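# A look at the structure
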Amino acid sequence: MPSCAESSWFARKVVRWRATASVSWSVLLLPATTMLFIFLIRFQLFHPIQWTSECLGLLTAASTIFSLLLLSGVVLVIGFFNLEYYTVVPSIPCSRVALLAKVLHPRQCVHSLVHCTVGMVVMWCASVMAGGRYRTLGFPCTHSESSSGAHDACLNEYHLFFLLAGAFMGYSHSFLGVVQNMNYVSFQIIQQYKYLRFKGSLPWVVKCSAVQSLYSVRNYVALYFFFGHIPRAWISNTLNLQIDSSLHSLDSLAGLLDFSLLYHLWISGTFLLFTWYITVLLFRIYVTESYSFPVQSTFAEDAEQCLPKVLAEKNTLIMKFLALQDLALLSQHSPSRRQEVFSLSQPGGHPHNWNAISKECLALLNELMQRLVAHHDAVASNGRAKPPSASSDARSSSETSVSSVVMSGTEDLPQTPRPSVLMRTPGSVFLKSSNRSVGSPVTAPFTPDLDSPFSTPALRRLAPQPGPQQATWFSSVQSPHVMRRGPKLWSASTDSQTNGSATASPAPAPSSPPPEQKPSFIAQWLQNRKEQVRGFLAKRVLVVYLFNKLPEASSQALFADGQAHIWALEGLSHLVASSFSEDKYGVVQTTLPSILGSMLSLQEAVDRHFKLPHASSKPVKTSCSLGDSTYKTLRFALRAALKTAIYRITSTFGEHLNAVCISAEHQKRLQQFMEFKE
Amino acid sequence: MCSLALFPPPLPSGQVTLYEANNELVSGGSPDCYEKQHWEPPSLNFPRETLKPHSRPESSSKAAFLDHKDTLWMRSAGAWRDAGLSGLLDEITNSAEEVPKWLTVSSGCVLALLRWMSSFHGSLFPHLTLSGEEMAAEFSQVLDWSDSAVRSFAWHPHTDKFAVALLDDSIKIYNSRSATAPTLKHRLQRNVSAMQWKPLCASALAVACHTCLLVWHVDPTSLSTRPSSGCAQVLSHPGHSPVTSIAWSPSGSLLVSASPVDTAMMVWDVAAENCVPLQRVGGGGVTNVSWSPDGSRLLAATPSALFRVWETRMWTCERWPCLKGRCQSGCWSPDGSRLLFSVQGEMVIYALTFSDMTGGPKSAAVVADLSETTFSGTGGEITVGGEVQSLAWDPSGERLAVLLKGNAESSGHSAIIAVFKTRSSPVFELLPCGFVRGEAGAEPRLIQFHPHFQHGALLTVCWSNGRISHVPFYFVSVGRSHSFGSPPLPRFTSKTEDYNMHTLYTEHIS
């Protein structure tokens with residue numbers, strides 16, 4: 001991010017160089033792909049010798065060289081956009097309107113616009129290299145009736161068709177990038193050398209670009225069939241080019257069902273997408289390459305580059321992720337670096353390294369636990385994921401007893417506000433945490449209905465969206481109630497406006513704060529009006545469609561940064577397990593109770609979360625696309641990693657764990673793990 | 001080098017090996033004729049006759065039900081779905097009266113070309129012409145897999161629990177602490193060729209099936225005897241079937257699966273259901289994968305005379321072209337530094353020693369000679385020896401069990417288990433321990449060691465008559481505390497110099 005680039009040495013020294021290296025490799029690969037493209041687009045089945053000689057001649061032509069230069073420029077632009085827009089924590093829209101807002105976001109508009117332009121440039125190069133009828137925009141008219149004028153230049157619709165196709169593909173690339181979270185960079189489950197990783201995913205990229213190009217061609221041809229005459233007329237008017245009426249116009253069936261035209265379009269589209277995808281792929285490979293941070297340094301000026309400091313970093317997310325990955329790797333693979341973690345500081349004899357690392361990991365885990373608890377509270381208090389229309393009658397008495405907050409979004413609630421008695425099912429974490437949060441405004445009557453069709457947690461997700469790196473994570477780090485104070489249904493329109501104009505701050509204030517302390521008559525009246533408006537809107541199909549929550553999106557959003565927690569769990573558990581034999585000073589023992597405590601509490605919270613509807617439903621497999629969908633299954637991976645981490649500790653320490661002082665509740669749970677009954 | 005001639009003679013028919021104590025194998029007349037010293041898992045019996053194998057042939061009996069009055073489109077679509085491109089072409093070629101002649105002719109030509117190419121491919125890699133079931137039988141670690149009542153067996157790595165896959169494609173789970181034995185059945189669970197429990201987990205069992213990979217989540221506290229198929233996660237990847245071998249990483253985070261028809265080995269993140277293919281073209285597939293107990297290396301055997309050893313940090317591999325035949329079986333020492341393997345067509349066991357310092361071994365050494373040896377005893381002549389079917393090393397690294405293929409033609413030469421004692425200092429060597437015999441007429445089919453037996457090692461053997469028995473080896477391992485001194489082992493090998501050194505050479509190719 002440009003904002004962090006000044007502050008962080010990592011973004012300056014590492015990420016930028018990695019991006020540069022990836023872009024230069026994609027530029028270096030351009031001549032090869034261009035050559036292949038020329039051979040494919042000039043393909044002639046029945047004249048193989050002519051075909052080869054023509055292509056070989058074209059390779060050294062000035063126009064090709066110029067095109068190559070232009071394409072290199074295009075790749076530079078794409079690489080720059082990759083660097084500026086990438087994120088390691090995907091932003092997940094929870095409703096369709098949030099998705100819409102994401103697409104219409106100014107930042108995204110710039111992205112789309114640039115991609116349109118750049119797509120046109122690529123297609124111009126493609127049409128030049130294809131030659132023949134695609135070569136130029138204008139050509140001397142051949143028909144007889146206008147033989148008088150010297151300015152007889154006609155519009156070459158084929159060329160225009162190609163240029164517009166480039167713009168369309170550029171836009172659809174940018175659009176699909178939002179829908180499929182293409183700017184999300186995920187980390188691989190195993191480490192591989194860059195070249196091998198590139199080689200392994202090359203066939204897949206070829207397949208993806210071919211398939212995606214096929215879809216794009218289909219959509220574009222359909223679009224051109226209906227609306228093709230508009231740009232054609234506009235261009236011919238502005239550039240004063242005539243339309244040759246003796247030729248078929250392309251927006252007719254006969255014009256479009258030209259096999260060679262479609263083939264050329266498809267090949268060019270594949271070429272376009274392939275060069276872009278290669279850039280994206282190389283960028284991902286370079287950026288996610290593991291980076292080895294020193295555990296401790298002898299020089300004071302390097303201290304900020306050491307693992308304990310870097311882990312606590314909040315601004316450069318990529319650095320935090322790489323540091324956690326490095327922690328997970330060192331805890332598994334390198335005994336010498338583990339020794340450094342367990343070592344004591346030279347004067348004083350304090351285990352600073354271990355303390356800092358464990359504290360940071362535990363903070364991550366606790367933050368996730370609080371987030372889960374807050375979400376669970378919000379959902380439980382508002383009734384479980386009620387369907388928008390059938391909610392009122394489906395509400396059973398047991399659920400109302402569970403729901404603790406007054407303003408749950410049903411119409412047939414009693415008019416008198418019920419006292420906000422916290423009645424929850426017994427459960428240590430949840431009881432404790434709710435007690436903790438009673439004093440805070442979280443459980444105040446006007447808690448937004450997170451689960452109702454019109455509450456827009458998506459918009460709250462969108463609030464920190466201008467800086468995608470700052471997504472979800474830190475807004476919820478500050479306190480769980482910031483995110484719970486999101487916009488509500490009845491203020492949805494204003495909120496979407498403010499969010500749409502990208503001036504949002506992480507904590508949007510409710511637009512009309514009603515008196516919260518005593519449920520007076522006015523509050524009641526307001527409440528009734530609100531319910532009426534809500535009931536009115538709930539009957540409008542379009543509104544429901546737009547504001548309806550996408551299933552399992554909230555679950556995905558909760559675990560959007562799950563990879564960090566997975567690494568923290570792996571790192572901690574491996575370190576603890578190896579401390580059994582390697583930790584000479586017993587450094588780890590002091591923190592073992594708190595580590596076990598937070599893991600077990602998190603385990604409880606995760607178990608609870610998976611009992612919610614949609615939380616454990618598996619996402620459908622996406623078809624061939626470059627968008628990374630690993631974030632959709634991160635919660636399952638986190639659940640498995642958590643269990644494995646606890647088992648790793650229990651199976652290493654065995655009976656010794658009985659001597660660790662943790663609460664009785666946790667002791668009981670731990671016993672389950674020690675008997676392999678979880 | 002150890003050879004079978006140094007072994008004590010095998011038991012005559014009718015005697016059963018019961019256990020090892022004080023360095024001797026004790027035998028008896030029947031499997032249950034001795035007092036058990038410690039807890040032992042129950043022996044089970046699955047008579048071959050009670051199990052009905054799947055009668056469904058691979059190309060399903062759909063033709064009998066297919067309405068042949070379907071239009072050509074419908075039939076083509078069906079053929080495309082069932083058998084891919086070649087099926088579609090076949091369908092078009094066979095319905096000559098409905099399609100134009102040029103289409104029939106051209107599809108016939110393409111089909112012929114395809115067949116020629118696939119036969120060419122098949123001549124390079126003969127295993128590709130086998131059907132899925134034959135392939136599983138060919139590359140399985142189980143002797144005579146297709147006829148065996150027990151298809152696969154898996155001990156849980158941490159608890160006294162095991163899973164048995166039977167001929168009828170069901171899996172039964174036995175737990176020492178609960179009376180219920182859940183039976184797992186799934187529509188896709190066919191031709192189970194391997195199973196493994198996930199380490200550091202109580203419930204997950206990975207099953208290699210005919211078309212896919214199943215991961216069952218069997219709640220250990222549940223009382224249900226038929227977990228629903230919703231408890232199973234289906235992992236599949238196009239072109240990656242049949243799966244013949246799977247291996248969990250010892251840290252429990254990754255699962256590797258291998259298929260003889262796929263040159264790529266899949267590394268799965270099971271929970272997230274995504275996989276990374278690791279493609280290496282040479283060899284034509286991967287038949288058998290085995291992870292070293294410390295998690296640092298992975299053995300991947302191919303159907304050709306080639307195997308690879310991957311290091312699991314950056315996932316690069318060493319290539320080991322074998323002399324003769326493919327690598328049939330391999331096992332790792334507990335510290336992951338030594339790999340023993342056997343090669344098809346050779347009656348020896350090779351050893352490879354890895355160390356982090358020198359960057360890997362340059363050649364493999366022969367550590368045991370298993371050529372045929374004839375013992376003449378009271379009950380006539382008994383011949384033992386032959387090729388190795390599978391190797392198993394006990395988790396303490398003190399006993400090595402070798403399942404030797406017999407010779408079906410000759411009567412006195414059946415499959416047998418030879419058990420070696422292993423010693424790693426001062427030099428690595430194998431010392432003879434003895435042969436394990438089962439009941440009369442029963443051949444061993446499958447061997448596996450219990451992963452955490454307290455009093456030595458416990459070998460589980462599945463026999464051809466459907467019996468599963470457990471042979472304990474009582475000893476005090478070097479790694480554990482010596483409460484009482486064990487008598488010094490007799491040394492049978494004196495000369496280690498006169499090895500006929502079969503050496504294999506490696507090429508370092510990432």
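Residues numbered from 1 in each chain as written. Chains lettered and ligands numbered in written order. Predicted model: local features only at pLDDT ≥ 70, side-chain atom pairs only at ≥ 80, totals over all residues. Heavy atoms only, no water.

Per an unreviewed UniProt entry, chain B carries the name Aladin seven-bladed propeller domain-containing protein and comes from Pygocentrus nattereri.

Rule in force here: UniProt positions are given in the numbering used here, feature names are shortened, and annotations may be inferred rather than shown by experiment.
Looking up chain A in an unreviewed UniProt entry gives the name Nucleoporin NDC1, with the organism given as Pygocentrus nattereri. The heading Function (unreviewed entry) in the UniProt record of chain A holds the text "Component of the nuclear pore complex (NPC), which plays a key role in de novo assembly and insertion of NPC in the nuclear envelope. Required for NPC and nuclear envelope assembly, possibly by forming a link between the nuclear envelope membrane and soluble nucleoporins, thereby anchoring the NPC in the membrane." Looking at the Sequence similarities (unreviewed entry) heading of the UniProt record, one finds this comment for chain A: "Belongs to the NDC1 family."

## Regarding the sheet that holds strand β27 (residues 388-393) of chain B
Residue and element names in this part refer to chain B. How we decide: Pairs of strands are assigned from DSSP output, requiring at least two bridges between the strands. The way it works is that DSSP assigns letters per residue, a run of H or I at least four long becomes a helix, a run of E at least two long becomes a strand, and they are numbered from the N terminus. Every angle, taken between N-to-C directions, lies between 0 and 180 degrees, and every axis is a line fitted to C-alpha atoms, over only the stretch in contact when it is a helix.
In space, the four strands of this open sheet follow the order β27-β28-β29-β30, with antiparallel pairing throughout. Of all strands in the sheet, those with a lone pairing partner are β27 and β30 (429-436), marking the two edges. Neighbour to neighbour, the strand axes of the sheet diverge by 25 degrees on average, direction disregarded. For β27 and strand β28 (residues 399-404), the ladder comprises five bridges, and the chain directions are antiparallel. Bridge assignment links Trp393 to a residue of β28, and that residue is Leu400.

## Points about the packing of helix α2 (residues 9-41) of chain A against helix α11 (residues 259-287) of chain A
Residue and element names in this part refer to chain A. Where we set the bar: Every angle not falling under 35 degrees, over 145, or within 65 to 115 is termed oblique; those three ranges are roughly parallel, roughly antiparallel and roughly perpendicular. By the definition used in this description, the sense in which the near helix is turned from the far one sets the handedness, with an anticlockwise turn below a right angle giving left-handed and a clockwise turn giving right-handed. Only Asp, Glu, Lys and Arg are considered charged in this grouping, and only Ala, Val, Leu, Ile, Met, Phe, Trp, Tyr, Cys and Pro are considered nonpolar; every other residue, Gly among them, is considered polar.
Remark: α2 packs on α11, axes separated minimally by 9 Å, with the N-to-C direction vectors making an angle of 160 degrees. In terms of orientation, α2 lies roughly antiparallel with respect to α11. When you trace α2 past α11, the crossing you get is right-handed. Considering only residue class, the contact of α2 with α11 consists of 17 nonpolar, eight polar and one charged.

## Some thoughts on the pattern of salt bridges
To keep it simple, the criterion reads: Salt bridge, as used here: a side-chain nitrogen of Lys or Arg that lies within 4 Å of a carboxyl oxygen of Asp or Glu. Only protein chains enter the calculation, and the probe is 1.4 Å; a residue is then buried if its accessible area is under 20% of its type maximum, exposed if over 50%, and partly exposed in between.
Following the criterion strictly, the structure yields 23 salt bridges over all chains and no others. Arg232 of chain A serves as the salt-bridge partner of Asp251 of chain A, at 3.2 Å between the closest nitrogen and oxygen. Residue Asp251 of chain A is located in the loop between α9 (229-238) and α10 (253-256), and its partner Arg232 of chain A is located in helix α9; the two are separated by 19 residues in the primary sequence. This pair shows no difference in class: Asp251 of chain A is buried, exactly as Arg232 of chain A is. Residue Glu429 of chain B is joined to Arg423 of chain B by a salt bridge in which the shortest nitrogen-to-oxygen separation is 2.9 Å. Glu429 of chain B gets classed as buried once you look at its relative accessible area, which sits at 7%. Judged by its relative accessible area of 24%, Arg423 of chain B is partly exposed. Among the charged side chains, a salt-bridge network with shared partners connects Arg18, Lys194 and Glu289 of chain A.

## Observations regarding the confidence of the model for chain A
Residue and element names in this part refer to chain A. For clarity, the cut-off: The predictor rates its confidence in each residue with pLDDT, a number between 0 and 100. Here a residue-residue contact requires only that any non-hydrogen atoms of the pair lie within 4.5 Å.
Considering every residue of chain A, the mean pLDDT works out to 79; 77% of them sit at 70 or more. Segment residues 1-6: pLDDT under 50, and 12 contacts once partners within four positions in sequence are set aside and those in other chains are kept. Considering only residues more than four positions removed or in separate chains, one finds that residues 384-516, a stretch of pLDDT under 50, has 220 contacts.

## Some words on the interface of chain B and chain A
What counts, and what does not: Here's the idea: put two parts together, see how much 1.4 Å probe accessible area each one loses, and the total over both is what we call buried area.
Contacts between the two partners involve 28 residues from chain B and, on the opposite side, 25 residues from chain A. Surface buried jointly by chain B and chain A totals about 2500 Å² across both partners, of which 64% is contributed by carbon and sulfur atoms. Taken as a group, Leu200, Arg313 and Met314 of chain B account for 24% of the area that chain B buries against chain A, more than any other trio of residues on that side. Summed over the shared surface of chain B and chain A, the result is one salt bridge. The salt bridge involving Lys618 of chain A is made with Glu273 of chain B; its shortest N-O contact spans 3.4 Å.

## Observations concerning empty space enclosed by the protein
All names here are of chain A. Stated formally: For each structure, a 1 Å grid was placed over the protein atoms alone; sets of points admitting a 1.4 Å probe that cannot get out are labelled cavities, open sets with protein on both sides within 12 Å along at least five of seven lines are labelled pockets, and lining residues have an atom within 4 Å of a point. Grid points are joined across faces, edges and corners, and a volume is the space filled by probe spheres set on the points.
The final tally for this structure, using the stated rule, is 13 cavities of 30 Å³ or more. In this structure, the largest cavity spans a volume of roughly 410 Å³. Looking at the largest cavity, it is lined by 26 residues, and the ones nearest its centre are Tyr85, His111, Gly177, Met182 and Asn183. Contributing elements (two or more residues each) for the lining of the largest cavity: α4 (62-85), α6 (106-130), α7 (157-179) and α11.

## With respect to the layout of surface pockets
Considered as a void within the structure, the second largest pocket measures approximately 1800 Å³ in volume. Forming the walls of the second largest pocket are 48 residues, and the residues nearest its centre are Trp204 of chain A together with His237, Asn274, Cys275 and Pro277 of chain B. No other element matches helix α8 (residues 194-227) of chain A, which puts eight residues into the lining of the second largest pocket. For the lining of the second largest pocket, the residue count by class is 21 nonpolar, 16 polar and 11 charged.

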